[in-house]
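Residue-level structural notes
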Amino acid sequence: ALNKTLKVNSCNMKGSIEMKDEKMDYTFDIIQEGNLECAFDLDLSAGNNKLDNFLSFYIKDGKTYLNSQGTTSQSVVENIGVDPTKKIAVYNPFLDFKDSELASFFTSTKQEGNKYTLEMNGKKLATILDAFGTVSFSKATIEATIENEMLLDLKITIKGFQAMDDNSNDVDLVISNTLENINTVKSINFPEDLEN
């Protein structure tokens, strides 16, 4: 499902990344048929402070446009290693493992209709994400909604800690993502002053 979802022709995506007192909300619209077009917008919240449009990034007509808190830049798509006539290649780490290896990552699985809950082996996950042994996970859960072999909703919850030198920090991370309008998006709303 992940592999098929990474190859969509178009979609609208929205989600969030939450870490302790910090949260990032994002939207991502993409069309990968013909010339690549996309719009990415990121809002940032920390405590009682919120920055809307903290970062905005667009691709249109073979050019990239970046607005980071009012600082803007413009370039050509090829400068970021992307061919605007091809789909963006996204690495799928699961394809590198045999089925038996993949199964060892999970301690339990549950399916209710099209909803799946996967509890991950925290020690195994930590080994893959951090070869230096500085990360330890007490909980790692994936919740997914799959329809027509596509990931419509995905939520990843990770809890644990990271220790480097004499410093130690709790890891409390929740990533949520929803896909809509898969392969039906025909246009993207770009800012009117994109060229400026």
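Here's a quick rundown of the structure. (Residues numbered from 1 in each chain as written. Predicted model: local features only at pLDDT ≥ 70, side-chain atom pairs only at ≥ 80, totals over all residues. Heavy atoms only, no water.)

1. Points about the overall build of the chain
Check the secondary structure of the chain and you find three helices and eleven strands. For the chain, the spread of C-alpha atoms along the three principal axes comes to 50 × 40 × 30 Å. Scored against the burial criterion, the 196 residues of the chain give a buried share of 30%. Put simply, 40% of the contacts in the chain that link residues at least 6 apart link residues at least 24 apart. As presented, the chain carries roughly 12500 Å² of accessible surface, and 49% of it is formed by carbon and sulfur atoms. The distance from the centre of the 19 positive side-chain charges to the centre of the 31 negative ones in the chain is 6 Å. (Helix = DSSP H or I, 4+ residues; strand = E, 2+ residues; numbered from the N terminus. Buried < 20%, exposed > 50% of the residue type's maximum accessible area, 1.4 Å probe, protein only. Contact = heavy atoms within 4.5 Å. Areas by Shrake-Rupley, 256 points an atom, 1.4 Å probe, with all protein chains shown as cover. Lys, Arg positive; Asp, Glu negative; His and termini not counted. Charge placed at Lys NZ, Arg CZ, Asp CG, Glu CD.)

2. Re the state of the cysteines
Throughout this description, disulfide means a covalent bond between two cysteine sulfur atoms. All told, the structure shown has zero disulfides when counted by the stated rule. Just so you know, Cys11 is unpaired, no disulfide at all, and the nearest cysteine sulfur is the one on Cys38, 11 Å from it. By relative accessible area, Cys11 is classed as buried at 2%. Here Cys38 falls in the buried class, since its relative accessible area comes to 2%. (Disulfide = S-S within 2.5 Å.)

3. What about the nonpolar core?
Val8, Cys11, Phe28, Ile30, Leu36, Cys38, Ile59, Val77, Val82, Met150, Leu152 and Leu179 together form the largest nonpolar core, which totals twelve residues. Those elements that provide at least two residues to this core are β2 (22–31) and β10 (150–164). Those residues within four positions of Val82 in sequence are excluded, and the remaining contacts are Leu36, Val77 and Ile88. Formed by eleven residues, the second largest nonpolar core is a distinct cluster that contains Met120, Ala140, Ile142 and Ile158. (Core = buried A, V, L, I, M, F, W, Y, C linked by side-chain atoms within 4.5 Å.)

4. So, the environment of Cys38
Its location among the elements puts Cys38 in strand β3 (residues 37–46). Taking the C-alpha atoms as reference, Cys38 lies 9.4 Å from Thr64; in sequence the two are 26 residues apart.

5. Some words on the packing of aromatic side chains
What the rule picks out here adds up to four aromatic pairs. Relative to Phe40, the ring of Phe28 has its centre 6.2 Å away and its plane inclined at 65°; by these criteria the two rings are edge-to-face. With Phe28 in strand β2 and Phe40 in strand β3, this pair connects stretches of sequence that are twelve residues apart. The rings of Tyr26, Phe28 and Phe40 are connected pair by pair, giving a single aromatic cluster. Over the ring of Phe105 we find Lys124; its NZ or CZ atom is 5.9 Å from the centre of that ring. (Phe/Tyr/Trp six-rings, centres within 6.5 Å; stacked < 30°, edge-to-face > 60°. Lys NZ or Arg CZ within 6 Å of the ring centre and 35° of its normal.)

6. Brief notes about unusual backbone geometry
With a phi angle near 45°, Lys20 is a residue other than glycine that sits in the positive phi range. Inspection of the secondary structure puts Lys20 in the loop between β1 (10–19) and β2. A relative accessible area of 54% means that Lys20 is categorised as exposed. If you check the backbone angles, Asn181 has positive phi at about 50° while not being a glycine. Relative accessible area serves as the criterion here: at 41%, Asn181 is assigned to the partly exposed category.

7. Some words on the pairing of strand β7 (residues 106–112)
The buried fraction of β7 amounts to zero of the seven residues, a small share that puts the element mostly on the outside. The sheet contact formed by β7 and strand β8 (residues 115–120) spans six bridges and is antiparallel. Each residue of the ladder has a partner; that of Thr109, found in β8, is Leu118. Linkage of β7 to β8, two consecutive antiparallel strands, is achieved through a turn of two residues, within which Gly113 is found at a positive phi near 65°. (Pairing = 2+ DSSP bridges.)

8. So, the side chain of Ser45
Among the secondary structure elements, Ser45 is positioned in strand β3. The buried category is assigned to Ser45, whose relative accessible area is 16%. Aside from chain neighbours lying at most four places away, what touches Ser45 is Asp21, Glu22, Lys23 and Lys50.

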